[in-house]
Structure formats: C-alpha cells, structure tokens
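An overview of the molecular structure
Here are the chains, one letter per residue:
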Amino acid sequence: VLFGPRTAPLGKGAIPRKLSPLAQEAQKFKTAEEFVDAKFFTHGSRAKFDVFDTAKFQTGEGMGGAGRGASFTNRLAVAKQYASKYGEGTDPYLYLTRREGLNIMKVDAFRRDTKLWLKIADTLDKDFPKTEGLGNKIRKAIKDKKFNQLQEELEYPLHWDVHDIFDDVMEKVGVDGLSFLDGTFRGSNTGVTIFKPEKLKLTRIRADQLTDFFNQV
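What comes next is a walk through the structure. Not measured: the values here are computed from a predicted model.

Further remarks concern the overall build of the protein chain. The secondary structure content of the protein chain amounts to nine helices and seven strands. Within the protein chain, contacts between residues at least 6 apart in sequence are counted, and of these 74% link residues at least 24 apart. For the protein chain, the accessible surface area stands at approximately 12200 Å², while carbon and sulfur atoms represent 48% of it.

Tallying each qualifying case throughout the model produces twelve salt bridges. As a salt-bridge pair, Arg206 and Asp208 come within 2.9 Å of each other at their nearest N and O atoms. Note on Arg206: relative accessible area 24%, which makes it partly exposed. A relative accessible area of 42% places Asp208 in the partly exposed class. When salt bridges with common partners are traced through the structure, they connect Asp91, Arg206 and Asp208 into a single cluster.

Our focus in this paragraph is the side chain of Thr97. Within the element layout of this structure, Thr97 appears in strand 3 (residues 93-98). Overall, Thr97 belongs to the buried group, its relative accessible area being 3%. Ignoring any residue separated from it by four or fewer positions in sequence, one finds Thr97 in contact with Lys39, Phe40, Phe41, Phe72, Leu102, Ile194, Leu200, Lys201 and Leu202.

Moving on, we come to the pairing of strand 6 (residues 192-195). Side-chain alternation along strand 6 places Val192 and Ile194 on one buried face and Thr193 and Phe195 on a second face that is also buried. Here strand 2 (residues 69-72) pairs with strand 6 via four bridges, running antiparallel. Bridge assignment links Ala70 to a residue of strand 6, and that residue is Ile194. With three bridges joining them, strand 5 (residues 177-179) and strand 6 adopt antiparallel strand pairing. Opposite Gly177, over in strand 6, you have Ile194 as the bridge partner.

A word on the sheet that holds strand 6. The strand order 2-6-5-4 describes an open sheet built from four strands, whose pairing is mixed. Strand pairing shows two members of the sheet lacking a second neighbour, strand 2 and strand 4 (104-106), which therefore form its edges. Neighbour-to-neighbour, the strand axes of this sheet turn through a mean angle of 25°, independent of strand direction. Of the pairings in the sheet, the one linking strand 4 to strand 5 comprises three bridges and is parallel in character.

Bringing the sheet that holds strand 7 (residues 203-206) into the picture now. Two modes of strand pairing occur in sheets, parallel and antiparallel, and in both the strands are linked by backbone hydrogen bonds. With antiparallel pairing, three strands are arranged side by side in an open sheet as 1-3-7. Both outer strands of the open sheet, strand 1 (40-45) and strand 7, are each paired with one neighbouring strand and no more. Taking the axes of each pair of neighbouring strands and ignoring which way they run, one obtains an average angle of 25° across the sheet. As defined by bridge partners, strand 3 adjoins strand 7 across four bridges and the pair is classed as antiparallel. Note that in strand 7 the partner of Tyr95 across the bridge is Arg204. Running over the sheet, helix 2 (residues 32-39) touches strand 1 and strand 3 and is turned about 110° from strand 1.

Right, let's talk about the packing of helix 5 (residues 114-127) against helix 8 (residues 166-173) for a bit. For the pair helix 5 and helix 8, the least separation of the axes is 10 Å and the interaxial angle reads 110°. Judged by the inter-axis angle, helix 5 sits roughly perpendicular to helix 8. Note that helix 5 runs across helix 8; the crossing there is right-handed. Contact residues: Leu116, Lys119, Ile120, Thr123, Leu124 and Asp127 in helix 5; Val169, Met170, Lys172 and Val173 in helix 8. Per-class residue counts for the contact of helix 5 with helix 8 are six nonpolar, one polar and three charged.

Let us look at the packing of aromatic side chains. The full count for this structure, using the stated rule, is ten aromatic pairs. For the ring pair Phe35 and Phe40, a centre distance of 5.6 Å and an interplane angle of 85° mean the geometry is edge-to-face. Phe40 matches Phe35 in its accessibility class, with the two residues each being buried. Measuring from ring centre to ring centre gives 5.8 Å for Phe52 and Phe72, while their planes differ by 65°; the resulting arrangement is edge-to-face. Remark: Phe72 occurs in strand 2 and Phe52 occurs in the loop between strand 1 and strand 2; sequence separation between them is 20 residues. A relative accessible area of 9% places Phe52 in the buried class. The class for Phe72 is buried, based on a relative accessible area of 1%.

What counts as what
- Along each chain, residue indices are assigned from 1 in the same order as the chain's sequence is written.
- For this predicted model, a pLDDT threshold of at least 70 governs which residues receive local features, and a threshold of 80 or more governs which side-chain atom pairs are given and counted, while totals over whole chains, interfaces and linings are taken from all residues.
- Hydrogens and water molecules were not included; the side-chain quantities draw on all heavy atoms of the structure.
- Helix and strand definitions follow DSSP, with helices as H or I runs of at least four residues and strands as E runs of at least two, each counted in order from the N terminus.
- Residue contacts follow a heavy-atom distance rule, with two residues in contact if any of their heavy atoms lie within 4.5 Å.
- Per-residue accessibility takes into account occlusion by the displayed protein chains alone, with areas from the Shrake-Rupley method and a 1.4 Å probe.
- Just to be clear on terms, a salt bridge is a Lys or Arg side-chain nitrogen sitting within 4 Å of an Asp or Glu carboxyl oxygen.
- Each residue is assigned to one of three classes by its accessible area relative to the maximum for its type, calculated with a 1.4 Å probe on protein chains only: buried under 20%, partly exposed between the two thresholds, exposed over 50%.
- Note on pairing: DSSP must find at least two bridges between two strands before they are called paired.
- Note on geometry: axes are C-alpha line fits, over the in-contact stretch for helices, and angles between N-to-C directions span 0 to 180 degrees.
- When an angle is under 35 degrees it counts as roughly parallel; over 145 it counts as roughly antiparallel; between 65 and 115 it counts as roughly perpendicular; any other value is oblique.
- Handedness of a crossing is defined here by the sense of rotation of the near helix relative to the far one, left-handed for an anticlockwise turn of less than a right angle and right-handed for a clockwise turn.
- Under the convention adopted here, Pro, Cys and the residues Ala, Val, Leu, Ile, Met, Phe, Trp and Tyr are nonpolar, Asp, Glu, Lys and Arg are charged, and Gly plus all remaining residues are polar.
- Each aromatic pair joins two rings of Phe, Tyr and Trp (for Trp, the six-membered one) with centres within 6.5 Å, and gets the label stacked for planes under 30 degrees apart, edge-to-face for over 60, and tilted for any other angle.

What follows is the structure in structure tokens.
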C-alpha cells in the first residue's frame, strides 16, 4: 500500500500511529492531488495487478506510440479518468511510481540530443547487429549535419513495425522513458511512456482511498 503496512480498510484508526516516511512527506502538501502530482507518475486502470504484464503492451489506448512501455501521467486527475474507463475489472485503481531516480526525457530534447544518438549508434553496432548498418547511418547524418531532418526516418526502424527494439535500446543508453506532455509525439497526450515498466516498484491504491488518507492525516 501507499503509506506503509495497513490491513484494515481506511477509516477511523486505519492509519498507523507511527507514520511511514512517505506519509510524513505527504503532510507537507495541502492535498493528496498536489502530493501525487509532485512526487509520482501515475497510471490509471480498472485492472488489478502487481506487475505490468508485457503481453498487454501495444494493446491499450495509444498502442505504445512512444515505444513498448506503459503510459503514465503527471496529473492525478487524468489517471483517475483512465481508471474509470480502461482495463479488465470493475474497481478504479491508481498505480504510482516515484519520479525520483527515473531518467525521463522530453521528446524534443531526445530528438535533438546528437550525443545521445551517437551512443545509440554505438549500442546498435554492439548489441543489435540485425539493424543492418543503422548505426553508421546515424553517425553519417550527424557528421553531415542532416540529423535533424532525418531523425524520424532513423528512429522509425527501432519501433515495433520493424525491429521492435526501441525499449531495449533505451534501456541500454540509460533512458527510462519519454515525456510527451505537450502532445508533440505522434499526437499523444497522455503524458509519459516508461519503458520496462515490469521492473518498476509500483504502489497500487484504489482511486477513492487517496483523499480519505489525506483527510485522516
């Protein structure tokens, strides 16, 4: 659970006397929404699970437009909307993962970062030989100062409809996810795609419990 061990339902006496460090941190904020929006990325779903099922990737709303991964948002209100509409189940759940420690890049910054793309080129040569010289094409485009105009063409083969290695490559170069909060990436507007979400430490809580907790503390 979100704020330390709890077996009783939320209500009088449900919050332990000795609050967890996370609960103490939460008291610095005026509302549950402010706390969650400041500290977490949130995924909303009616499905109840402990770990993301990789078999479900590319089957939901958006179909993994930013690579094979799970969609999160930095707005609790948006996550609640998804929790009320999507997923196999009846109860709305929120899945929270802390922002701290995650390297999430804005899409525009990702596209312009030629140093990162040189690292991607080296990674393709070393670990993904089936990409058939794509690393050299990236280096040549950067050297010829044509990378900006060719970037989308060079990125495309990494995605599911060609080599389907985008998330694996991102993991190798230390990028945990892409943020497209401004809607610039393939028309997406749900927030953040986090790669390898099956490895995340998740907190699951019913959507209607968060405010109850705050009211008590």
